[in-house]
Amino acid sequence: MTDNPRQQAIDYFRQLAQMGETVVYRPFESISVLPETTPAINQQESQEAIDVPSIDNFDKATDLNQLFKTIKNCHKCALGDTRTNFVFGVGNPNAQIMFIGEAPGHDEDMKGEPFVGRAGQLLNKVLAALELKREDVYIANILKCRPPNNRDPEPEEAATCEPYLIHQIKLIQPKIICCLGRIAAQRLLQTNMTLGQMRDRWFDYHGTLLMVTYHPAAVLRSPSYKRPLWEDMQKMMAKLKELS
Ligand code: SF4
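Cut-off values and rules
- Residues numbered from 1 in each chain as written.
- Predicted model: local features only at pLDDT ≥ 70, side-chain atom pairs only at ≥ 80, totals over all residues.
- Helix = DSSP H or I, 4+ residues; strand = E, 2+ residues; numbered from the N terminus.
- Buried ≥ 20, exposed ≤ 12 C-beta atoms within 10 Å, placed from the backbone.
- Contact = placed C-beta atoms within 7 Å.
- Core = buried A, V, L, I, M, F, W, Y, C linked by C-beta atoms within 7 Å.
- Pairing = 2+ DSSP bridges.
- Near = placed C-beta within 6 Å.
- Nonpolar A, V, L, I, M, F, W, Y, C, P; charged D, E, K, R; others polar.
- Axes fitted to C-alpha atoms, helices over the stretch in contact; angles between N-to-C directions.
- Parallel < 35°, antiparallel > 145°, perpendicular 65-115°, else oblique.
- Left-handed = near helix turned anticlockwise from the far one by under 90°.

(A) Representation of the overall build of the protein chain. Looking only at helices and strands, the protein chain has 11 helices and eight strands in total. Within the span of the protein chain, comprising 244 residues, buried residues form 30% of the whole. Taking the contacts inside the protein chain whose residues are at least 6 apart along the sequence as the reference set, 65% of them involve residues at least 24 apart.

Below is the structure:
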């Protein structure tokens with residue numbers, strides 16, 4: 001703390017600037033509170049804060065980065081209080097294929113990235129067999145926070161979080177959505193159909209083609225699902241070729 005009134009004033013204006021204020025008003029004029037010596041980073045941060053919509057206007061986000069910043073501190077459902085990390089999604093922002101699972105698990109919660117555990121490693125292998133990498137596709141979940149003990153998402157949680165996913169899809173504009181597992185597919189398609197009934201057909205999800213296949217975790221539990229998963233992946237690639 002300084003006794004110099006001039007320095008005190010500068011410190012005060014700096015604090016205002018860091019809080020996002022760019023002007024202070026006096027009765028007949030306004031003056032800039034950004035001292036010439038204010039580091040550029042403060043101005044940049046202030047600009048970013050202005051650019052990012054409020055969470056209630058998340059659908060105004062114009063790119064994935066902005067959407068991430070808008071919703072990363074979400075606490076609209078109780079999972080926001082128990083998560084370790086918010087799990088937004090990962091991959092190519094212009095991906096032609098988007099994989100969607102139900103929710104982050106333990107490994108994903110720890111790392112803040114979807115499909116990084118054993119199931120994620122299997123997904124990576126499937127992608128490699130298709131001559132794709134994670135960076136070529138986009139990977140996300142319906143929920144962006146982990147349900148405790150990996151329980152299934154509650155309907156209210158999914159209903160609260162799904163609009164974020166819908167906006168994410170709108171920004172990415174994939175040609176195909178590949179739904180991984182029954183729970184994610186039932187939620188997105190608002191149906192009680194079994195996975196067997198949903199496989200091997202095409203659905204429309206908000207204007208995007210959607211197919212359903214086994215969750216890699218299910219394939220790890222039941223290796224007999226490996227072949228149908230692979231067949232589904234080949235059909236997906238054939239459809240993509242058809243659309244190109
Ligand atoms: S699960 Fe979705 S709605 Fe719930 S707190 Fe996380 S981001 Fe928000």
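After that view, the rundown keeps rolling.
(B) Structural detail: the nonpolar core. By size, the foremost hydrophobic cluster in this structure holds 40 residues, and its most contacted members are M98, F99, I100, I142, C178 and C179. Elements represented by at least two residues in this core include exactly α3 (64-71), β4 (97-101), α6 (118-129), β5 (138-141), α7 (155-172), β6 (176-180), α8 (182-189) and β8 (208-213). Beyond its immediate chain neighbours, meaning those up to four positions away, I142 contacts I100, E102, A103, P153, A158, C161, E162, L165, A184 and R187.

(C) Inspection of the pairing of β8 at higher detail. Bridge count for β6 against β8 is five bridges, and the pairing is parallel. Paired with I177 across the strands is L210, a residue of β8. By the bridge criterion, three bridges tie strand β7 (residues 203-205) to β8 in an arrangement that is antiparallel. From the neighbouring strand, Y205 faces β8, where its bridge partner is T208. In sequence, β7 turns back onto β8 through a hairpin of two residues, with H206 there showing a positive phi of about 50°.

(D) Region of the structure containing the environment of A103. Its location among the elements puts A103 in the loop between β4 and α5 (106-111). Take A103: there are 25 C-beta atoms within 10 Å of it, and that puts it in the buried class. In the structure, A103 is positioned 41 residues away from K144 in sequence and 6.5 Å away in space, judged by C-alpha atoms. If we ignore the near neighbours within four places in the chain, the residues touching A103 are N141, I142, L143, R146, P147 and P153.

(E) Focus on unusual backbone geometry. In this structure, E131 takes a positive phi of about 60° despite not being glycine. Note that E131 resides in the loop between α6 and β5. Non-glycine residue Q173 carries a positive phi angle of around 55°. With respect to the helices, strands and loops of the structure, Q173 is situated in the loop between α7 and β6.

(F) Spotlight on the site of the ligand. Taken together, C74, H75, K76, C77, L79, G80, L143, K144, C145, E157, T160 and C161 make up the full set of residues near the ligand. Those elements that provide at least two residues to the shell around the ligand are α4 (79-82) and α7. Looking at which element gives the most residues to the shell around the ligand, the answer is α7, with three residues. Partitioned by chemical class, the residues of the shell around the ligand number six nonpolar, three polar and three charged.

(G) Molecular detail of the environment of C178. Counting through the fold element by element, C178 comes out in strand β6. Separated by 55 residues in the primary sequence, C178 and M233 place their C-alpha atoms 8.9 Å from one another. If near-sequence neighbours (up to four positions away) are discounted, C178 is found in contact with I97, F99, M211, T213 and M236.

(H) Inspection of the packing of α3 against α7 at higher detail. In contact at an axis separation of 10 Å, α3 and α7 are set at 165° when each is read in the N-to-C sense. As the angle between them shows, α3 and α7 are arranged roughly antiparallel. Read as a crossing pair, α3 and α7 show a hand that is right-handed. Residues L64, L67 and I71 of α3 touch α7, and the partners they reach there are Y164, H167, Q168 and L171. Of the residues that constitute the contact of α3 with α7, the class distribution is five nonpolar, two polar and no charged.

(I) Seen up close, the sheet that holds β7. Spatially, β3-β5-β4-β6-β8-β7 is the arrangement adopted by the six strands of the open sheet, whose pairing is mixed. Only two strands of the sheet have a single partner each, and these edge strands are β3 (90-91) and β7. Docked against the sheet, α7 engages β4, β5 and β8, running at close to 170° with respect to β5. Packed onto the sheet, α8 meets β4, β6, β7 and β8 and runs at close to 130° relative to β6.

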